[in-house]
Amino acid sequence: MDADLVTRAQRGDQAAFAQILEMVDDRFHGFAFGILRDMHLAQDAVQQAMLQIWRDLPMLREPGAFDAWAYRLLVRTCQAESKRAKRWLPALPHPQEDPIAGAAMAMVADRDELERGFRHLTVDQRAVIVLHHYLDLPHERAAEILGISVGTARSRLSRALKALRAALEAEARNGATTRVQEAV
Amino acid sequence: MGTDYDVDRGLRTMLRDVPPHDGSARRRAMEVFPTTPQRHTRWLPPFVSDHLGRRPWMYAVAVTAACVVAVAAMGSASWLGRPSTNPGSAPAIAPGVTSPAPTGDTGDTGEEIDVPSRFSGVLRCGPATSEGATTSGGTIIDREGAEQLIKDREVRGLLIGAISDPRLDGSLVQYIDSHRYGDGPDAAVISAVTWVLEAEAGAWAGSFTSFSDDSADGSGISFVMDGSGEYDGLRAVMTADYWPGGDDQDCTWGVTGYVVGTEQLPDTPTPVS
C-alpha cells in the first residue's frame, strides 16, 4: 500500500481513504470469505473492518505497516462475525456407482468434506491457514499480522492442519458408517 | 475422501474459489465513514502529534528514555536488601520427560523412557440434557445498586467429532455451574465446568473455571483430565478453544494436548518468600 496515500488518509483526506478502500476491497473479501465461508458474513466483516481502519488510522505510527495492521483488524472483525454465525451444511450424497459420473461427484464430495472439515476449525486456526494458503505469506508476515511470534505462527499452522486432517478423518468415518448402514 | 487426497492442494483450490461480491460492503462503508470521527493521540496537541508523526523514531526515543528512567527508579528502590540467588539454578527437567524420542526408546541406563503423547481433536456441542440439570433461576436482586445474581446448572453432551488418540475417543458430558452477574451486554458469567469422558477402556475427568462477557467467550482454556480404569496413572494436559456457533448446540471445541504419566508432570511450584 502506498505509504503516502495512507499518510494522507491519516490526516483526514477522504478521497485518499476512498482510494485505499477500492484497492483493498477484493483482497479483503477473499480473505474474509476464506475464514468465514459465507459471503454475507464476509461482507459484514469487511465493512466493519473498513470503518475501523478509518477510525483508527491516525493511531498507526508506521504507514508502511498498513497492510499487516489492516489485516489484523480484519481478522478481529471476522472473529466477531463468526460468533454471530449459525453453521449447518447438509452433506452431499455419496458418489454414484457410475465411474464417470462418480469421479465428478467424488471431486465435489471431496470438496464438500474439505469445507465441512475446515468449518470445524476455530477462527484463529482458519486465519493462519488463509494467510498461508490464500495470501501465500511466509510465517514472519503471518506472525506480524496476527500479532504473535514466528514460532507460534508455525505451530498454530501445524496444529490447524492437524486438526483439519483429524476432522476429515472423522467425516470420512461418519460417511463410511452411513454407507455401511445403507448397504445393510 | 481417498487416502491420496492432497489436503494442502485442496485447501489452496478451495480458498481461491471466491464467489464474486457486489461491492456493497465498500459502498456502505463509504456512506458512513465521512461522518465517523477518527481517533487521535489526545494526550498530545495535534501539532505535536503531527510533528512526531513525520518523525516516528522520536516516539521510540521518548518511550525508551521514559522506560530507562522508570526502571532505574524502581531498581534502586528494590535492589537493596534483595536476597542473593544462585544464578546457576535452573528448573530441572521432570524425570521421565525427554526431548522428542520414539516411545520406548532406551536410555543409557537401559530403562525405557516414556514420552508425552501428543493429541488433537474436535468436539461438537450437543443438546443440553435434563439429567442432573437444574435451573434455579436464583434470586433476582434489586438492580438499583445491586447486581443480579442468577445461578444455573447445565448438563450438555459433547460429541467427539475427531480425536487423534483412541484412548480419548468416547462420549463426553459437560457439567456447567454458572453464576451470571448483571444483565444485557454488561453481564459477566463465571462458570465452573467439569468434563467427564467415557472411553472404551476407562474414563477421564477434569475441571476448569472460566468466564465470559462481552470481551471474551471463555476460549483458550488449559486444564488437566485424570484417567481412570485402564488409564489410571495417566493425565491429559490440554488446551481447549471454544468456537460458538449460532446457538448452544452448534458450537465446537478444538482440543490439543499431551497424554502423560502422572510422574511426568512437574510439581506445583511453591512460592518462595
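Residues numbered from 1 in each chain as written. Chains lettered and ligands numbered in written order. Predicted model: local features only at pLDDT ≥ 70, side-chain atom pairs only at ≥ 80, totals over all residues. Heavy atoms only, no water.

A few points about the overall build of chain A
Turning to step 1, where the next piece is worked out: The helix and strand inventory of chain A stands at eight helices and zero strands.
Turning to step 2, where the next piece is worked out: For chain A, the proportion of its 184 residues judged to be buried stands at 51%.
Turning to step 3, where the next piece is worked out: Contacts in chain A between residues far apart in sequence, at least 24 positions, make up 64% of those at least 6 positions apart.
Turning to step 4, where the next piece is worked out: In the form shown here, chain A has an accessible surface area of approximately 8400 Å², with 53% of it arising from carbon and sulfur atoms. (Helix = DSSP H or I, 4+ residues; strand = E, 2+ residues; numbered from the N terminus. Buried < 20%, exposed > 50% of the residue type's maximum accessible area, 1.4 Å probe, protein only. Contact = heavy atoms within 4.5 Å. Areas by Shrake-Rupley, 256 points an atom, 1.4 Å probe, with all protein chains shown as cover.)

Points about empty space enclosed by the protein
Residues and elements named next belong to chain B.
Turning to step 1, where the next piece is worked out: The full count for this structure, using the stated rule, is one cavity of 30 Å³ or more.
Turning to step 2, where the next piece is worked out: Computed from the structure, the largest cavity encloses a volume of approximately 60 Å³.
Turning to step 3, where the next piece is worked out: Lining the largest cavity are eleven residues, with Ile163, Leu168, Leu197, Met238 and Val255 sitting closest to its centre.
Turning to step 4, where the next piece is worked out: Class assignment of the residues belonging to the lining of the largest cavity gives a composition of eleven nonpolar, no polar and no charged. (1 Å grid on protein atoms, 1.4 Å probe; cavity = no way out; pocket = protein on both sides within 12 Å on 5 of 7 lines; lining within 4 Å. Points joined across faces, edges and corners; volume = space filled by probe spheres on them. Nonpolar A, V, L, I, M, F, W, Y, C, P; charged D, E, K, R; others polar.)

Things to note about the packing of aromatic side chains
Turning to step 1, where the next piece is worked out: Scanning the entire structure with this criterion turns up eight aromatic pairs over all chains.
Turning to step 2, where the next piece is worked out: Here Trp204(B) and Tyr231(B) contribute two aromatic rings whose centre-to-centre distance is 5.1 Å and whose plane-to-plane angle is 20°, an arrangement assigned as stacked. With a gap of 27 residues between them, Trp204(B) in strand 5 (residues 202–212) and Tyr231(B) in the loop between strand 6 (221–229) and strand 7 (234–243) connect regions that are remote in the sequence.
Turning to step 3, where the next piece is worked out: Exposure remark for Tyr231(B): the relative accessible area of 7% places this residue in the buried category.
Turning to step 4, where the next piece is worked out: Through a chain of ring-to-ring contacts, three or more aromatic side chains come together here, namely Phe28(A), Phe31(A) and Tyr71(A). (Phe/Tyr/Trp six-rings, centres within 6.5 Å; stacked < 30°, edge-to-face > 60°.)

Side note on the environment of Ala166(A)
All names here are of chain A.
Turning to step 1, where the next piece is worked out: Along the polypeptide, alanine 166 turns up in helix 8 (residues 150–183).
Turning to step 2, where the next piece is worked out: Of the residues examined, alanine 166 reaches a relative accessible area of 9% and is grouped as buried.
Turning to step 3, where the next piece is worked out: Remark: the alpha-carbon pair of alanine 166 and histidine 120, spanning 46 residues in sequence, is separated by 9.9 Å.

Here's the deal with the nonpolar core
Turning to step 1, where the next piece is worked out: By size, the foremost hydrophobic cluster in this structure holds 62 residues, and its most contacted members are Phe66(A) and Ile129(A).
Turning to step 2, where the next piece is worked out: Top element by residues in this core is helix 2 (residues 14–36) of chain A. It accounts for eleven residues.
Turning to step 3, where the next piece is worked out: Filtering out sequence-adjacent residues up to four positions away, Ile129(A) remains in contact with Phe118(A), Leu121(A), Tyr134(A), Leu157(A), Ala160(A), Leu161(A), Leu11(B) and Leu15(B).
Turning to step 4, where the next piece is worked out: Judged by nonpolar contacts, the second largest core, of 23 residues, contains Phe119(B), Leu123(B), Leu172(B) and Val193(B). (Core = buried A, V, L, I, M, F, W, Y, C linked by side-chain atoms within 4.5 Å.)

Observations regarding the pairing of strand 5 of chain B
All names here are of chain B.
Turning to step 1, where the next piece is worked out: Pairing geometry for strand 4 (residues 188–199) and strand 5, over ten bridges, is antiparallel. Paired with valine 193 across the strands is phenylalanine 208, a residue of strand 5.
Turning to step 2, where the next piece is worked out: Counted between consecutive antiparallel strands, the loop separating strand 4 from strand 5 contains two residues.
Turning to step 3, where the next piece is worked out: Pairing between strand 5 and strand 6: four bridges, direction antiparallel. Its bridge partner being in strand 6, alanine 203 is matched across the sheet by serine 228. (Pairing = 2+ DSSP bridges.)

Some points on the environment of Glu62(A)
Turning to step 1, where the next piece is worked out: Residue position: Glu62(A) is located in the loop between helix 3 (39–56) and helix 4 (66–83).
Turning to step 2, where the next piece is worked out: Here the alpha-carbon distance between Glu62(A) and Val6(A), two residues 56 residues apart in the chain, equals 9.4 Å.

Some points on the environment of Asp67(A)
Residue and element names in this part refer to chain A.
Turning to step 1, where the next piece is worked out: By the secondary structure assignment, aspartate 67 is in helix 4.
Turning to step 2, where the next piece is worked out: Separated by 66 residues in sequence, aspartate 67 and methionine 1 have C-alpha atoms that sit 6.7 Å apart.
Turning to step 3, where the next piece is worked out: Discounting residues that sit within four places of it in the chain, aspartate 67 has contacts with Met1, Arg27 and Arg141.

Brief notes about the interface of chain A and chain B
Turning to step 1, where the next piece is worked out: The interface of chain A with chain B comprises 67 residues on the first partner and 53 residues on the second.
Turning to step 2, where the next piece is worked out: Buried surface at the junction of chain A and chain B, summed over both partners, amounts to about 5500 Å²; 59% is from carbon and sulfur atoms.
Turning to step 3, where the next piece is worked out: Where chain A touches chain B, the interface holds six salt bridges.
Turning to step 4, where the next piece is worked out: The interface formed by chain A and chain B holds eleven residue pairs in polar contact (both at pLDDT 80 or more) in total.
Turning to step 5, where the next piece is worked out: Listed by contribution, the elements that provide at least two residues to the side of chain A that touches chain B are helix 1 (3–10), helix 2, helix 3, helix 4, helix 5 (99–119), helix 6 (123–133) and helix 8 of chain A.
Turning to step 6, where the next piece is worked out: If you tally residues by element for the side of chain A that touches chain B, the top one is helix 8 of chain A, at 13 residues.
Turning to step 7, where the next piece is worked out: Of the residues belonging to the side of chain A that touches chain B, the class tally is 28 nonpolar, 14 polar and 25 charged. (Buried area = accessible area lost by both parts, 1.4 Å probe. Salt bridge = Lys/Arg side-chain N within 4 Å of Asp/Glu carboxyl O. Polar contact = N/O pair within 3.5 Å; in protein donor to acceptor, adjacent residues only side chain to side chain.)

A word on the packing of helix 4 of chain A against helix 7 (residues 139–146) of chain A
Residue and element names in this part refer to chain A.
Turning to step 1, where the next piece is worked out: For the pair helix 4 and helix 7, interaxial distance at closest approach is 7 Å and the crossing angle is 60°. With respect to each other, helix 4 and helix 7 are oriented oblique. The handedness of the crossing between helix 4 and helix 7 comes out as right-handed. Contacts between helix 4 and helix 7 involve Asp67, Ala68, Tyr71, Arg72 and Val75 on the former and, on the latter, Arg141, Glu144, Ile145 and Leu146.
Turning to step 2, where the next piece is worked out: The residue makeup of the contact of helix 4 with helix 7, split by class, is five nonpolar, no polar and four charged. (Axes fitted to C-alpha atoms, helices over the stretch in contact; angles between N-to-C directions. Parallel < 35°, antiparallel > 145°, perpendicular 65-115°, else oblique. Left-handed = near helix turned anticlockwise from the far one by under 90°.)

Describing helix 4 of chain A
Turning to step 1, where the next piece is worked out: Taking 1.5 Å per residue as the helical rise, helix 4 of chain A with its 18 residues ought to reach 26 Å, and the 26 Å between its terminal C-alpha atoms agrees with that figure.
Turning to step 2, where the next piece is worked out: Here helix 4 of chain A has its buried residues at Phe66(A), Ala68(A), Trp69(A), Ala70(A), Tyr71(A), Leu73(A), Leu74(A), Val75(A), Thr77(A), Cys78(A), Glu81(A) and Ser82(A). (Expected span 1.5 Å × (residues − 1).)

Observations regarding the side chain of His139(A)
Residues and elements named next belong to chain A.
Turning to step 1, where the next piece is worked out: Note that histidine 139 resides in helix 7.
Turning to step 2, where the next piece is worked out: Residue class for histidine 139 comes out buried when judged on its relative accessible area of 18%.
Turning to step 3, where the next piece is worked out: Here histidine 139 is in contact with His132, Val150, Ala153, Arg154 and Leu157, once residues within four sequence places are set aside.

Describing the confidence of the model for chain A
All names here are of chain A.
Turning to step 1, where the next piece is worked out: On average, residues of chain A score 80 in pLDDT, and 78% of them are at 70 or above.
Turning to step 2, where the next piece is worked out: The spread of mean pLDDT over the elements of chain A runs between helix 5, the lowest at 70, and helix 2, the highest at 93.
Turning to step 3, where the next piece is worked out: Across residues 86–98 the pLDDT falls below 50, and counting only partners more than four positions away or on other chains, this stretch makes 27 contacts in the model.
Turning to step 4, where the next piece is worked out: Counting contacts from residues 176–184, a segment whose pLDDT is below 50, to residues more than four positions away or on other chains yields one contact. (pLDDT = per-residue confidence, 0-100.)

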